[in-house]
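Here are the chains, one letter per residue:
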Amino acid sequence: MNYARHVLTHLRKDLRLEWRTKDSINGMLFFTLLVVVVFSLAFDPTAYPSIARQISGGLLWVALLFAAMTALNQSWAREVRNHVLDAHRLVTAPASTLFVGKALANFIFVSAVEIVLAPIFGVFYNLHPLGQAWLLIIILPLGTWALVVNGTFFAALSLRTRSRELMLPLVLFPISMPALLAMIQATTAVLTGESEPGLWLKLLIAFDIVFTTLCVLLFDFLLRED
Amino acid sequence: MQANENHKSPVTKFLLPLWLLGTFAVLAVGYRQAIFIAPTEATMGDIQRIFYYHVTNASLALVPPYINLIASLGYLFWRGRNPARALAADALAIASAEITILLTSIGLLTGILWARPVWGIWWTWDERLTTYLLLWMLYVSYVLVRRLSSTGQAHTLAAVLSIFAAVDVPITFMSIRWWRTQHPSPVFGGNGSLDPSMYPAVFWNLAGWAMWTAFLLYFRYALERRRQRAAASHSLDFLGQVQTDEY
């Protein structure tokens, strides 16, 4: 399929760029680690294991959210250098392939950070999930995609604004609130084992589908805007 | 809005002042009804009277977001086809977004003032309050995007964001509903509904504030149109061309 081939080309380009510099992954990893350490100052996770379980789902996502923000801003900054974005504008391939390729690349980066970070998080906060731990394998990618798909879109949007690093969180946080709520609640449900994460999983899936569609449909307006 | 500014249209000349006078008259009746005529509520006492302002403004705040969405869609549709009409749609979009922020701010503030004596707390993260705060945040971010982008691009970026916000509101509403469910249930019909003796105060205030909102919306729209015209004539002057009455 032609569309898939274009997406793959963009994805390969972004992965290669990241492989050569490793800027965003290293930055994200260290940043998230810092957030984990700073949060441990707020309360003692070893002395209060049940509190740790209650709030660490939220902490994990907040850490990832902040980390993703740094990477998302950078991911478009690369395209601005040497007027690459103008070249993209002239390409006959659908504009959304560029978006999907980049969103997939960002998804891979943030997932890589999660794979390293989730065990570290478990160790530092002494977490033993009381619910079905395997569900995290579904919750984490769904949540990450929800963050990344809107994040990539709004990073492209804030590219045209002044003080763009500030703009991204201002726009992304309010829009992603339902997704944030769903992923935090689902993760907490798994960690505490007190409730079922099923409802929140469904919400995440719905959010992912709706906003992926919207981003793909509207990206053309964003790119072709002069 | 094709009329030249130098010759005021009959709308701005007669209808607008009349409308404003009517608005003040209705608001005066509403004030009298709410403060002096409506009976004192049994448990909450006089504090309940803020209800007539809180409910009216908070409900009216739910209207301009729709106008904003329709205007934004209109902008994206006319952008390539009819630039002059697209600009008018854009003016309506920014006017309705700012009115949304104004009304939601009034709703939030009067709600906080009411909650403190009645519930004993300023704020609670229940379903409606959280959704409402989110609505406020969405439109603040909308206005911020417009402020922070250069004039030529603000329209499209904001229009795209408006569509995102419109899709987001129902999802947020449902998700928060599942999450928390303390705000009093709807007051018309059902249990704990409003005493009929309080209806006139509600309806007069609703009518008055709706008229006032419509006035503000039109005023802000006309202001933005004027700003657009000024910007256009400025760039035309800059090019050393004769100003046309295109807009």
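Heads up: these notes are all about the structure in this document. Please read these numbers as outputs of a predicted model, since none were measured by experiment.

So, how was this worked out
Residues numbered from 1 in each chain as written. Chains lettered and ligands numbered in written order. Predicted model: local features only at pLDDT ≥ 70, side-chain atom pairs only at ≥ 80, totals over all residues. Helix = DSSP H or I, 4+ residues; strand = E, 2+ residues; numbered from the N terminus. Buried ≥ 20, exposed ≤ 12 C-beta atoms within 10 Å, placed from the backbone. Contact = placed C-beta atoms within 7 Å. Nonpolar A, V, L, I, M, F, W, Y, C, P; charged D, E, K, R; others polar. Axes fitted to C-alpha atoms, helices over the stretch in contact; angles between N-to-C directions. Parallel < 35°, antiparallel > 145°, perpendicular 65-115°, else oblique. Left-handed = near helix turned anticlockwise from the far one by under 90°.

1. Things to note about the overall build of chain B
Then comes step 1: From N to C terminus, chain B includes seven helices and zero strands.
Then comes step 2: Order of helices (α) and strands (β) in chain B, N terminus to C terminus: α-α-α-α-α-α-α.
Then comes step 3: Evaluated residue by residue, chain B yields a buried proportion of 31% over its 247 residues.

2. Here's the deal with unusual backbone geometry
Residues and elements named next belong to chain A.
Then comes step 1: One non-glycine residue, Asn82, lies in the positive phi region at around 55 degrees.
Then comes step 2: Within the secondary structure, Asn82 sits in the loop between helix H3 (49-80) and helix H4 (84-90).
Then comes step 3: Despite not being glycine, His83 shows a phi value in the positive range, around 60 degrees.

3. Concerning the interface of chain A and chain B
Where the parts come together, the accessible area they lose is often given as the size of the interface.
Then comes step 1: The interface is formed by 24 residues belonging to chain A together with 23 residues belonging to chain B.
Then comes step 2: Counting only elements with at least two residues in the side of chain A that touches chain B, the list comes to helix H7 (164-192) and helix H8 (198-224) of chain A.
Then comes step 3: Considering each element in turn, the side of chain A that touches chain B owes the most residues, 10 residues, to H7 of chain A.
Then comes step 4: Classifying every residue of the side of chain A that touches chain B gives 18 nonpolar, three polar and three charged.

4. Examining the packing of helix H6 (residues 136-158) of chain A against H8 of chain A
Residues and elements named next belong to chain A.
Then comes step 1: Running from amino to carboxyl end, H6 crosses H8 at an angle of 25 degrees, the nearest separation of the two axes being 9 Å. Comparing their axes, H8 and H6 come out roughly parallel. Classified by chirality, the crossing of H8 by H6 is left-handed. In this structure, H6 uses Ile138, Ile139, Leu142, Gly143, Trp145, Ala146, Val149, Asn150, Phe153, Ala156 and Leu157 to contact H8, whose residues at the interface are Leu201, Leu204, Ile205, Phe207, Asp208, Phe211, Thr212, Cys215, Phe219 and Leu222.
Then comes step 2: Considering only residue class, the contact of H6 with H8 consists of 17 nonpolar, three polar and one charged.

Just geometry here; none of it tells us what the structure is for.
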